[in-house]
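Secondary and tertiary structure notes
Here is what each chain is made of, one letter per residue.
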Amino acid sequence: MTVVDLGLYALLFFAVACGFFLGRRYSRGQESPARSQHYYRGLNYLLNEQADSAVDKFIETLEVTPDTLETHLALGNMMRRKGEVDRAIKVHQNLIARPGLNTGQLHIAQLELARDFIKAGLLDRAEGLLQELVEMASALKVTCLELLVDIYRDEREWEKAIHAVTLIVGHRWKKVPAKWGVIQAHFCCELAELALAQNDFLSARRYLKQGLAYDKNSVRASLLWGGLECRLSRYNEALKILNRVGAQDSDYIPEIIGLICECYDALGDQVGLVQHLQKILEEFPSNSLVLAVADRLGQMEGDLIAAEFIGSELKLRPSIKGLSRLLELHLEHAVGGAKENLSILKQLVDQLLGLRFAYSCHRCGFKGNDLHWLCPSCKSWSSIKPIRGIEGE
Ligand SMILES: [Zn+2]
């Protein structure tokens, strides 16, 4: 069944409900034949698939009462899901303008109108409506705050977002879902990044500490903090902070390699760097680590040693990236026909690598070559990770 079919079934349900109420009223002598004509005209529009006119007729015909509220809401929400936001707004505004609903029902209609505004991109109007509901509608407070958090996230108003989550968590003091800690930590990291962009290291460090207090496993906070200390030439402190990432979430180990190399390069300690990388590799194997160790071994001891190292690692963990680097090392020393064949093989392997993405979202399957902390597709935090296996890490 397609979405359009579902929509038409919903409208048919609406038509039946409309007919039922009108029929009941008409049998009591309370409705005019003209009103009944509106209903049949609406049904006619529907059967002719003129949904726009049908909705107008139904809004005009069906009274707003506590009994018909669900039908109005269902119609408005269906319009929003179909992307007909203007029409959804019309249905919900019609509900709010009519007398006959109690306060709780009115608040539900206002909440749906706020959702319409969000869908229409009218975030200021949605924010205003939701803020009013947070004050007035205690039963809907958490739902409204969750929508506000999404608005502040999209508008990058991180302080407001943190405050809204604090109200949610405070509201649910008996059982705080762990996801809010993760989200708060990301908001703090966003603030830290803004501070770092202005070289405000004190504020950045404060936000990162706050982020780690919300979520002690925040890899993003550790990466930013390690980078901050590195910028301040506090290399040993940076390395200490980066070492936490393995315990926080080892899937992100490839992300710390660049900073670790930067620290050891600044300290002028290549032997220490190789030992450090090899130690991490033993505990948290990844193809990027193998390549980093091989590169440094190659610089210190030559291509043959680097090739031997990659070869031994490939036996343990087959990897296309490792194979590409191995071919590159052999190519530099090959001659004649062997060089030509290796070159063809290298091109094929690199073409294969070029078709692969580096990161994917474990929630929605989004793939890309950049590490997004917020998935651009499903809007989940920390759901995008480096792809592992023979074609990835
Ligand atoms: Zn996603």
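Look above for the structure.
Described below are features of the structure shown in this document. As the structure is a computational prediction, the values presented were derived from the model and not from experiment.

Now for the overall build of the protein chain. Helix and strand content of the protein chain: 20 helices and 3 strands. Put simply, the protein chain has 393 residues, and 47% of those count as buried. Residue pairs in contact within the protein chain that sit at least 24 positions apart in sequence constitute 53% of those at least 6 positions apart. Of the roughly 20200 Å² that the protein chain leaves accessible, carbon and sulfur atoms contribute 53%.

Moving on, we come to the pattern of salt bridges. Under the criterion given, the structure shown has 19 salt bridges. The shortest N-O distance in the salt bridge between Lys160 and Glu127 comes to 3.3 Å. One end of the pair, Lys160, is in helix 9 (residues 158-171); the other, Glu127, is in helix 7 (residues 123-136), with 33 residues separating them in the sequence. Classification of Lys160 as partly exposed rests on a relative accessible area of 37%. Taking the shortest distance from any N to any O, the salt bridge between Asp150 and Arg153 comes out at 3.4 Å. Highlighted residues: Asp150 and Arg153, both in helix 8 (residues 141-154), separated by 3 residues, approximately one helical turn.

Bringing empty space enclosed by the protein into the picture now. Taken as a whole and assessed by the stated rule, the structure comprises 1 cavity of 30 Å³ or more. Lining the largest cavity, in full, are Asn287, Val290, Leu291, Ile310, Glu313, Leu314, Arg317, Ser319 and Gly322. Breaking the lining of the largest cavity down by element, the ones donating at least two residues are helix 17 (287-301) and helix 18 (303-316). Broken down by class, the residue content of the lining of the largest cavity amounts to 4 nonpolar, 3 polar and 2 charged.

Right, let's talk about the coordination of the zinc ion for a bit. At the metal site, the zinc ion is ligated by Cys361 (SG), Cys364 (SG), Cys375 (SG) and Cys378 (SG), and these contacts range over 2.3 Å. In this structure, the zinc ion is surrounded by 4 donor atoms whose angles at the metal cover 105 to 113°, and the resulting shape is tetrahedral. Relative accessible area serves as the criterion here: at 3%, Cys361 is assigned to the buried category. Accessibility expressed as a relative area gives 35% for Cys364, which makes it partly exposed.

Looking now at the packing of aromatic side chains. For any pair of aromatic rings, the description rests on two quantities: the centre-to-centre distance and the angle between the ring planes. All told, the structure shown has 3 aromatic pairs when counted by the stated rule. When the centroid spacing of 5.6 Å and the interplanar angle of 35° are considered together, the rings of Trp158 and Phe187 count as tilted. Placement of the pair is Trp158 in helix 9 and Phe187 in helix 10 (residues 178-197), with a sequence separation of 29 residues. For Trp158, a relative accessible area of 4% puts it in the buried group. We classify Phe187 as buried; its relative accessible area is 1%. Aromatic rings pair up to connect Trp158, Phe187 and Trp381 into one cluster.

How each quantity is defined
Residues numbered from 1 in each chain as written. Predicted model: local features only at pLDDT ≥ 70, side-chain atom pairs only at ≥ 80, totals over all residues. Heavy atoms only, no water. Helix = DSSP H or I, 4+ residues; strand = E, 2+ residues; numbered from the N terminus. Buried < 20%, exposed > 50% of the residue type's maximum accessible area, 1.4 Å probe, protein only. Contact = heavy atoms within 4.5 Å. Areas by Shrake-Rupley, 256 points an atom, 1.4 Å probe, with all protein chains shown as cover. Salt bridge = Lys/Arg side-chain N within 4 Å of Asp/Glu carboxyl O. 1 Å grid on protein atoms, 1.4 Å probe; cavity = no way out; pocket = protein on both sides within 12 Å on 5 of 7 lines; lining within 4 Å. Points joined across faces, edges and corners; volume = space filled by probe spheres on them. Nonpolar A, V, L, I, M, F, W, Y, C, P; charged D, E, K, R; others polar. Donors = N, O, S within 2.8 Å, 3.2 Å for Na, K, Ca; no water. Tetrahedral: all angles 85-135°; square planar, octahedral: opposite > 155°, others 65-115°. Phe/Tyr/Trp six-rings, centres within 6.5 Å; stacked < 30°, edge-to-face > 60°.

Any functional reading would require information beyond the geometric quantities listed.
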